[in-house]
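Structure assessment
This is what each chain is made of:
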Amino acid sequence: MESNVSEREYMCSGHVGCPGCGAAIAMRFLLKALGEKTIMVIPACCWSIIAGPYPQSTLKVPVLHTAFETGGAVASGVRAALDIQGDRETTVVTWAGDGGTFDIGFQALSGAVERNEDFIYVCYDNEAYMNTGVQRSSSTPYGAWTTTTPGQEWKKLRKKNIVEALVAHRIPYAATASIAFPEDLMRKVHKAKGIRGSRFLHIYASCPTGWRLPSELAVRIARMAVQTNIFPLYEVENGVRYTINYMPKGYLVREYFKLQGRFKHLTDADLEEIQRMVDEDWELLLRKAGLSPGAAGPITAPSHAPRALQGMRHFFG
C-alpha cells in the first residue's frame, strides 16, 4: 500500500509524556501534516509539561506557552502580527486540552471564531484535567470516575458536544479525528491548513494514566471509541455540510467500557443507559449528514483523498 506520510519528524524523542500518551501521538501526526512553517500556541495543559522544561523543547517549531484561558486570544494576536509582516505562509495553531477548550478557554475561543480569526484550533481530548490530577471537565463522559467525581459520585451528566458548539458559530471547517486513524487525522489537518478563517479539530487522545488503562491499549481503545459510535469521525463545512468519515459496524459500548478502570463501577443498567444515549446521538448525526439510521459499512474516503487513506479499511475496518 502506498503512503504519502512524511518521514520527516517535527517532534523529537525525549518528551516527558506518560507511556502510551495519546496526546503525544496526536502531536506527532499533527506536525507531520502541518510542516515546519507553523507557530504553536499552547495554553496550560499536559503539553505544557510534555514539551519539556524551558529552555528545551521536544518540538521543532516555535512554541508560545500561554495562560490557561487565552488560547483563542493569543492565536488571534500571533496571526495579526504575521499579517502585518506580510507572512501568509505560516500556519498559526492553538493546541489545547479539553479543560482549556471546553471550559476555561471557551470564552476566548468563541470570541475568536465569531470574528473568524485565521487559525487552526486543535483540542486533544483526554476527557479530564489530567495534568493537575484527573479532575472532571465538561468533556468527561457520563459514567466516568475522576478524583472530583469519586466512588458513587461518578459523573451523571453527558459530555459537552464541543464540535456542535463550534459548528453553531458557522466556522469554515470543524472535524473530529482520532489517534487510531492517523491518515484520516492528517488528511483533515491538510484540509484545515488550506482553508482561511477559523478551523477546529477535535482529536480523541487516550490517557492510560487517567483512564486506568494499560498503556499498550492506548490506540486500541481509541479505535474502539470510533467503532462503537462513542466518538464518530466526521467533518462539517460552513456549519451546515456534514460528512461522516467512518461508518461503524455496530459494536456494543460495553466492550469499550470494560477495559477501563474509570468505568469499573458501572452496572449493566448503567451500560444499557449509555448505549441508549450513544445510539441517540449517532442517529442524530446521521440525520444531519442526510443518512438513514442503521447505515453501516467501512471507512468512506472522499475521492480526492490520498490512496493511503482509501486503503485504511485494511487496518481499521
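Structural notes, computed from the coordinates. Keep in mind that what you see is a predicted model, and the values were worked out from it rather than measured.

Structural notes on the pairing of strand S3 (residues 91–97)
Burial analysis of S3 places 7 of its 7 residues in the buried class, the great majority of the element. Relative to strand S4 (residues 120–125), S3 is paired through 5 bridges, and the arrangement is parallel. Bridge pairing links Val93 to Ile120 in S4.

Regarding unusual backbone geometry
Between Tyr54 and Pro55 the backbone carries a cis peptide bond, its omega angle lying at 10°. One can find Pro55 in the loop between helix H2 (46–50) and strand S2 (63–66). One non-glycine residue, Asn116, adopts positive backbone phi at about 55°. Positive phi, normally seen in glycine, also occurs at Arg170, with a value near 60°. Its location among the elements puts Arg170 in the loop between helix H6 (162–167) and strand S5 (173–178).

Concerning the nonpolar core
It is characteristic of soluble globular proteins that their nonpolar side chains tend to be buried jointly. Core analysis: the largest hydrophobic core is formed by 68 residues, its most contacted members being Met27, Leu30, Met40, Trp47, Trp95 and Tyr256. The dominant element in this core, judged by the number of residues it contributes, is helix H1 (residues 22–34), at 9 residues. Those residues in contact with Trp47 that lie beyond four places of it in its chain are Met11, Ala23, Ala24, Met27, Ile42, Thr58, Leu59, His65, Trp95 and Tyr124. Grouped together as the second largest cluster of nonpolar side chains are 30 residues, Ile39, Phe200, Leu285 and Ala289 included.

A few points about the packing of helix H3 (residues 71–84) against helix H5 (residues 106–114)
Axis separation between H3 and H5 bottoms out at 6 Å; the angle between their running directions is 40°. Put simply, H3 runs oblique to H5. Each of Gly72, Ala73 and Ser76 in H3 lies in contact with H5, whose residues at this interface are Ala108, Leu109 and Ala112. Looking at the contact of H3 with H5, its residues break down into 4 nonpolar, 2 polar and no charged.

Here's the deal with the sheet that holds S3
Spatially, the 8 strands line up as an open sheet ordered S2-S1-S3-S4-S6-S5-S7-S8, and their pairing is mixed. The strands lining the two open edges of the sheet, one partner per strand, are S2 and strand S8 (241–244). Averaged over all pairs of adjacent strands, the angle between strand axes in this sheet comes to 15°, irrespective of strand direction.

Some words on the side chain of Asn126
Here Asn126 lies in the loop between S4 and H6. A relative accessible area of 5% means that Asn126 is categorised as buried. With near-sequence residues (within four places) excluded, Asn126 lies in contact with Cys46, Asp98, Ala205, Cys207 and Trp211.

Things to note about the pattern of salt bridges
Within this structure, the stated rule accounts for 26 salt bridges. For Arg88, the salt bridge identified is with Asp118, shortest N-O distance 3.1 Å. Here the residue Arg88 occupies a position in the loop between H3 and S3, and Asp118 occupies one in the loop between H5 and S4, the gap between them amounting to 30 residues. Given the relative accessible area of 10%, Asp118 is considered buried. The partner of Arg262 in a salt bridge is Glu127, and the shortest N-O contact between them spans 2.8 Å. Linking Arg262 in the loop between helix H10 (253–257) and helix H11 (268–288) with Glu127 in the loop between S4 and H6, this pair joins segments that are 135 residues apart in sequence. Taking relative accessible area as the criterion, Arg262 reaches 2% and is therefore assigned buried. The buried category is assigned to Glu127, whose relative accessible area is 5%. Several salt bridges converge on common partners, so that one network encompasses Asp184, Arg187, Lys188, Lys191, Glu235, Glu237 and Arg241.

Conventions used here
Residues numbered from 1 in each chain as written. Predicted model: local features only at pLDDT ≥ 70, side-chain atom pairs only at ≥ 80, totals over all residues. Heavy atoms only, no water. Buried < 20%, exposed > 50% of the residue type's maximum accessible area, 1.4 Å probe, protein only. Helix = DSSP H or I, 4+ residues; strand = E, 2+ residues; numbered from the N terminus. Pairing = 2+ DSSP bridges. Core = buried A, V, L, I, M, F, W, Y, C linked by side-chain atoms within 4.5 Å. Contact = heavy atoms within 4.5 Å. Axes fitted to C-alpha atoms, helices over the stretch in contact; angles between N-to-C directions. Parallel < 35°, antiparallel > 145°, perpendicular 65-115°, else oblique. Nonpolar A, V, L, I, M, F, W, Y, C, P; charged D, E, K, R; others polar. Salt bridge = Lys/Arg side-chain N within 4 Å of Asp/Glu carboxyl O.

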